[in-house]
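The lines below spell out each chain.
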Amino acid sequence: SKTYAGGGLALAIVHGIVSQTMGTLDLASTPGEGTTVTITLPFQKNEDTSTNLEESPEGNAVLLVDDELDVRYSVAMQLNMLGYEVRQAGSIEEATEVLNQERPLLLITDVRLGKESGYSLVRIAREIHNTIPVFYITGFSGFSEAQQAEEVLVKPFSSKQLGEKIRQLLHP
């Protein structure tokens, strides 16, 4: 029998994904027997998926930029469930490569990208595609209601909130 003491990163990633999808994570541990992990995720059947997709000559690809892999994965899953193709990037450099190759329907970026800024990314994106719609996602809750209504979605958020924000931006 081996014992392994990890750093807890995997559990933190799972917790992040479950929290982003508004699910629950329950752990039950019994010494000598092991640990049971129960993950419960909400299921929302979207009867009206046709209105979630923006018809565009560029397609329905969304560029999602977040330096936290677990958050990026979780939001990408939500976007996929809403019917969008997702291009993912973990940095301004990766996002710029995508923007130079195609014009996404929408850019969603974290406000903080490690030592970089989502605001800097948006300036670059608008130099490449001057009319690309953009909104920010952030774990920082210090934004005013007006800022949140305009361009910011505060984490954690549901797929429904994400879809509503996209519709507000693409169909003002």
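Notes on the structure follow. None of the values given here were measured: they were computed from a predicted structure.

Structural notes on the pairing of strand E3 (residues 61–65)
Note on strand geometry: in a regular strand, side chains alternate between the two faces of the sheet. Counting buried positions along E3 gives five out of five residues, so the element sits mostly inside the fold. In E3, alternate side chains face the same way, and those of Ala-61, Leu-63 and Val-65 on one face and Val-62 and Leu-64 on the other are all buried. Bridge count for E3 against strand E4 (residues 85–89) is five bridges, and the pairing is parallel. Residue Val-65 lies in a different strand from E4, and its bridge partner there is Ala-89.

What to know about a nonpolar patch on the surface
Residues Val-14, Leu-27, Val-37, Ile-39 and Leu-41 make up a contiguous nonpolar surface patch of roughly 420 Å² in combined accessible area. Examined against the element boundaries, Leu-41 turns out to sit in the loop between strand E2 (34–40) and E3.

A word on the nonpolar core
By size, the foremost hydrophobic cluster in this structure holds 19 residues, and its most contacted members are Leu-79, Ile-108 and Leu-162. Tallying contributions element by element places helix H2 (residues 69–81) first for this core, with four residues. Not counting residues within four places of it along the chain, the set of residues in contact with Leu-162 comprises Val-75, Gln-78, Leu-79, Leu-82, Ile-108, Phe-135, Leu-153 and Phe-157. Of all hydrophobic cores here, the second largest spans 18 residues; its members include Val-65, Ala-95, Leu-113 and Val-152.

Looking at the packing of H2 against helix H6 (residues 159–170)
In the contact formed by H2 and H6, the axes pass within 10 Å of each other and the chain directions differ by 70°. As judged from the angle between their axes, H2 and H6 are roughly perpendicular. Crossing geometry of H2 relative to H6 is assigned as right-handed. The segment H2 lies against H6, with Val-75, Gln-78, Leu-79 and Met-81 engaging Ser-159, Leu-162 and Ile-166. Class assignment for the residues of the contact of H2 with H6 results in five nonpolar, two polar and no charged.

Re the packing of helix H3 (residues 92–101) against helix H4 (residues 118–128)
Where H3 contacts H4, the axes come no closer than 10 Å and their chain directions differ by 15°. In terms of orientation, H3 and H4 fall into the roughly parallel class. Considering how the two elements wind past one another, H3 and H4 form a crossing that is right-handed. Seen from H3, the contacting residues are Ile-92, Ala-95, Thr-96, Leu-99 and Asn-100; seen from H4, they are Ser-120, Leu-121, Ile-124, Ala-125 and Ile-128. A breakdown of the residues in the contact of H3 with H4 according to their chemical character gives seven nonpolar, three polar and no charged.

Some points on H6
Every α-helical turn comprises 3.6 residues, leaving residues that sit three or four positions apart pointing alike. Between the first and last C-alpha of H6 there are 16 Å, a value that for twelve residues agrees with the 16 Å anticipated at 1.5 Å per step. Listing the buried residues of H6 in full gives Ser-159, Leu-162, Gly-163, Lys-165, Ile-166 and Leu-170. Axial view of H6: buried residues confined to an arc of 160°, hence all on one face.

A word on the pattern of salt bridges
What the rule picks out here adds up to four salt bridges. The residue Arg-87 makes a salt bridge to Glu-85 at a minimum N-O spacing of 3.3 Å. We note a salt bridge from Glu-102 to Arg-87, for which the minimum N-O separation is 2.9 Å. Taken together, the positions of Glu-102 in the loop between H3 and strand E5 (106–110) and Arg-87 in strand E4 put the pair 15 residues apart, joining distant regions of the chain. The exposure class of Glu-102 is partly exposed, given its relative accessible area of 24%. It is possible to trace a salt-bridge network through shared partners that takes in Asp-66, Asp-110 and Lys-155.

Reading guide: rules and limits
- Residues numbered from 1 in each chain as written.
- Predicted model: local features only at pLDDT ≥ 70, side-chain atom pairs only at ≥ 80, totals over all residues.
- Heavy atoms only, no water.
- Buried < 20%, exposed > 50% of the residue type's maximum accessible area, 1.4 Å probe, protein only.
- Helix = DSSP H or I, 4+ residues; strand = E, 2+ residues; numbered from the N terminus.
- Pairing = 2+ DSSP bridges.
- Patch = residues over 30% accessible without salt bridge, like charges linked within 9 Å, V, L, I, M, F, W, Y side chains within 5 Å.
- Areas by Shrake-Rupley, 256 points an atom, 1.4 Å probe, with all protein chains shown as cover.
- Salt bridge = Lys/Arg side-chain N within 4 Å of Asp/Glu carboxyl O.
- Core = buried A, V, L, I, M, F, W, Y, C linked by side-chain atoms within 4.5 Å.
- Contact = heavy atoms within 4.5 Å.
- Axes fitted to C-alpha atoms, helices over the stretch in contact; angles between N-to-C directions.
- Parallel < 35°, antiparallel > 145°, perpendicular 65-115°, else oblique.
- Left-handed = near helix turned anticlockwise from the far one by under 90°.
- Nonpolar A, V, L, I, M, F, W, Y, C, P; charged D, E, K, R; others polar.
- Expected span 1.5 Å × (residues − 1).
- Arc of directions from axis to C-beta.

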